Amino acid sequence: MTNEARYENGRLTITRTFDAPRTAVFDAWIKTSKVQLWWGCHVATDVQSTIEPCVGGQYSHQMTLTQGGIYQNQGRITAYDPPKLLAYEMVDPFHNDPMQVRIEFSEQGGQTLVRLTQDNLPGTYTQVIMAGWSAGLTKLAQLLQEETIDS
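Here is what the cut-offs are and how they apply
By convention here, each chain's residues receive numbers from 1 onward along its written sequence. Given that the model is predicted, a residue must reach a pLDDT of at least 70 before its local features are reported, and side-chain atom pairs must reach 80 or more before they are shown or counted; all residues, however, enter totals for whole chains, interfaces and linings. Processing note: side-chain calculations cover all non-hydrogen atoms of the structure and skip hydrogens and water entirely. Pairs were defined over the aromatic rings of Phe, Tyr and Trp, the Trp ring being its six-membered one, requiring ring centres within 6.5 Å. Orientation was assigned from the angle between planes: stacked under 30 degrees, edge-to-face over 60, tilted for the rest. Partly exposed describes any residue whose relative accessible area lies between the buried limit of under 20% and the exposed limit of over 50%, with all areas from a 1.4 Å probe on protein chains only and scaled to the type maximum. Remark: nonpolar core denotes a set of buried residues (Ala, Val, Leu, Ile, Met, Phe, Trp, Tyr, Cys) joined through side-chain atoms within 4.5 Å. We call two residues in contact when some of their heavy atoms are within 4.5 Å. The working definition used for a salt bridge is a side-chain nitrogen of Lys or Arg within 4 Å of a carboxyl oxygen of Asp or Glu. The way it works is that DSSP assigns letters per residue, a run of H or I at least four long becomes a helix, a run of E at least two long becomes a strand, and they are numbered from the N terminus.

Once that is clear, we can look at the packing of aromatic side chains. Ring pairs (aromatic) are described by centroid distance and by the angle formed between their planes. Per the counting criterion, the structure on display carries 9 aromatic pairs. Note on Trp-29 and Trp-38: the rings are 4.8 Å apart at their centroids and 65° apart in plane angle, and the pair reads as edge-to-face. The buried category is assigned to Trp-38, whose relative accessible area is 1%.

Here it is in structure tokens:
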């Protein structure tokens, strides 16, 4: 399945349906062993993550890129309601102001609809962020499919 994405007035909204139960999809966002398998853009070769899954908990994702660079973002979890909602404030090296990311997980007949919104996103950065989320969510779909096959 593909992502549906739109950007308007500093807000990026992406929706995607995953062929997996809501708890499995939610867990893939908060368990570092899973996040490290799917997080990141198409040129990420390695991802190191730490996540404290609770309101006020800290997280950090560091991607090593094929060109040899490292991209890191970090932040604080602002909402946590498993398996329905995860929200966090994100800081990265390219922005002075924090961005807010909110991920909602809805059951849909054995599948899970994920609705991601990212606020305070400068327009000049939108295409890069959209491509990164698209690649990451595609890797997440593959991971969830592999887990279903293995179980």
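Continuing now.
As a further point, take the nonpolar core. The biggest cluster of nonpolar side chains holds 39 residues, and the ones touching the most others in it are Trp-29, Trp-38, Trp-39, Leu-86, Tyr-88, Ile-103 and Trp-133. Among residues more than four places away in sequence, those in contact with Trp-38 are Ala-28, Trp-29, Gly-136, Leu-137, Lys-139, Leu-140 and Leu-143.

Attention now moves to the pattern of salt bridges. Here the structure, examined in full by the defined rule, presents 6 salt bridges. With its nearest N and O atoms 2.6 Å apart, the salt bridge here joins Asp-119 to Arg-11. Of the two residues, Asp-119 sits in strand β8 (residues 111–119) while Arg-11 sits in strand β2 (residues 11–18), which places them 108 residues apart along the sequence. For the salt bridge of Glu-147 with Lys-34, the shortest nitrogen-to-oxygen distance reads 3.4 Å. Of the two residues, Glu-147 sits in helix α3 (residues 126–150) while Lys-34 sits in helix α2 (residues 32–38), which places them 113 residues apart along the sequence. Through salt bridges with shared partners, a single ionic network connects Arg-102, Glu-104 and Arg-115.

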